[in-house]
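# Coordinates in review
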Amino acid sequence: MSAEQDLNDDTEWERIQASPEFVELRRRLRSFVFPVSALFLLWYLLYVLLADYAHEFMATKVVGNITVGLVLGLLQFVSTFLITWLYVRYANRKLDPVADELRAKIERGER
């Protein structure tokens, strides 16, 4: 691959990246990922802080030997699966159609 081909590839990528479709795709992705990531990190931080500073609360028995700490810990896993499911659903409805359209446009060589 020549230096000229590398330059053309870089120019092509920059053109695609600046296209309205790509900008919209990136906006849609970020509008989901950033808020959900922030909420999950806050939820995880709350769990860690409670585990470290609220021992009595976390040791409170809910049913039998099942404690609040155990329930909240298991809910961490549940929330991870929930986020995954929500993202797949969101991507299928909001991201994939735009990405497919952009890919088809690039493959057809439209400028």
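An account of the accompanying structure is given in this report. Bear in mind that the values here come from a model prediction, so they are computed numbers and not experimental data. (Residues numbered from 1 in each chain as written. Predicted model: local features only at pLDDT ≥ 70, side-chain atom pairs only at ≥ 80, totals over all residues. Heavy atoms only, no water.)

## Digging into the overall build of the chain
- Across its full length, the chain carries 4 helices and 2 strands.
- Mapped in sequence order, the helices and strands of the chain form the string α-α-α-β-β-α.
- Its C-alpha radius of gyration of 23 Å places the chain more than 25% over the 13 Å reference for a compact globule of 111 residues.
- Dimensions of the chain, computed from the C-alpha atoms along their principal axes, are close to 70 × 30 × 25 Å.
- Within the chain, the fraction of its 111 residues that count as buried is 18%.
- Residue pairs at least 24 apart in sequence account for 59% of intrachain contacts in the chain once pairs closer than 6 positions are excluded.
- On the chain, roughly 8500 Å² of surface is accessible, and the fraction owed to carbon and sulfur atoms is 66%.
- Across the chain, the 13 positively charged side chains and the 15 negatively charged ones have centroids separated by 9 Å. (Helix = DSSP H or I, 4+ residues; strand = E, 2+ residues; numbered from the N terminus. Rg over C-alpha atoms; globule rule 2.2 N^0.38 Å. Buried < 20%, exposed > 50% of the residue type's maximum accessible area, 1.4 Å probe, protein only. Contact = heavy atoms within 4.5 Å. Areas by Shrake-Rupley, 256 points an atom, 1.4 Å probe, with all protein chains shown as cover. Lys, Arg positive; Asp, Glu negative; His and termini not counted. Charge placed at Lys NZ, Arg CZ, Asp CG, Glu CD.)

## Here we look at helix 2 (residues 20–53)
- For helix 2, built from 34 residues, the straight-helix expectation of 50 Å at 1.5 Å per residue is met to within 8% by its first-to-last C-alpha distance of 49 Å.
- Within the span of helix 2, buried status applies to E21, F22, L25 and F32. (Expected span 1.5 Å × (residues − 1).)

## Here we look at a nonpolar patch on the surface
- Side chains of V62, V63, I66, L70, V71, L74, L75, F77, V78 and F81 sit close together on the surface and give an oily, nonpolar patch of about 930 Å² of accessible area.
- When contributions to the nonpolar patch are tallied by element, the ones reaching two or more residues are strand 1 (61–63) and helix 4 (68–108).
- Looking at the nonpolar patch element by element, the count peaks at 7 residues for helix 4. (Patch = residues over 30% accessible without salt bridge, like charges linked within 9 Å, V, L, I, M, F, W, Y side chains within 5 Å. Salt bridge = Lys/Arg side-chain N within 4 Å of Asp/Glu carboxyl O.)

## Here's the deal with the nonpolar core
- Counting 6 residues, the largest nonpolar core consists of L25, F32, Y90, A91, L95 and V98.
- Of all the elements in the fold, those that place two or more residues in this core are helix 2 and helix 4.
- Considering every element that reaches this core, the biggest residue donor is helix 4, with 4 residues. (Core = buried A, V, L, I, M, F, W, Y, C linked by side-chain atoms within 4.5 Å.)

## Section: the environment of E107
- By the secondary structure assignment, E107 is in helix 4.
- Along the backbone, E107 and E56 are 51 residues apart, and their C-alpha atoms lie at a distance of 61 Å.

## Some details on the packing of helix 2 against helix 4
- Running from amino to carboxyl end, helix 2 crosses helix 4 at an angle of 175°, the nearest separation of the two axes being 10 Å. Considered as vectors, helix 2 and helix 4 are oriented roughly antiparallel to each other.
- Classifying every residue of the contact of helix 2 with helix 4 gives 21 nonpolar, 6 polar and 5 charged. (Axes fitted to C-alpha atoms, helices over the stretch in contact; angles between N-to-C directions. Parallel < 35°, antiparallel > 145°, perpendicular 65-115°, else oblique. Nonpolar A, V, L, I, M, F, W, Y, C, P; charged D, E, K, R; others polar.)

It is worth stressing that arrangement in space is one thing and function is another; only the former is reported here.
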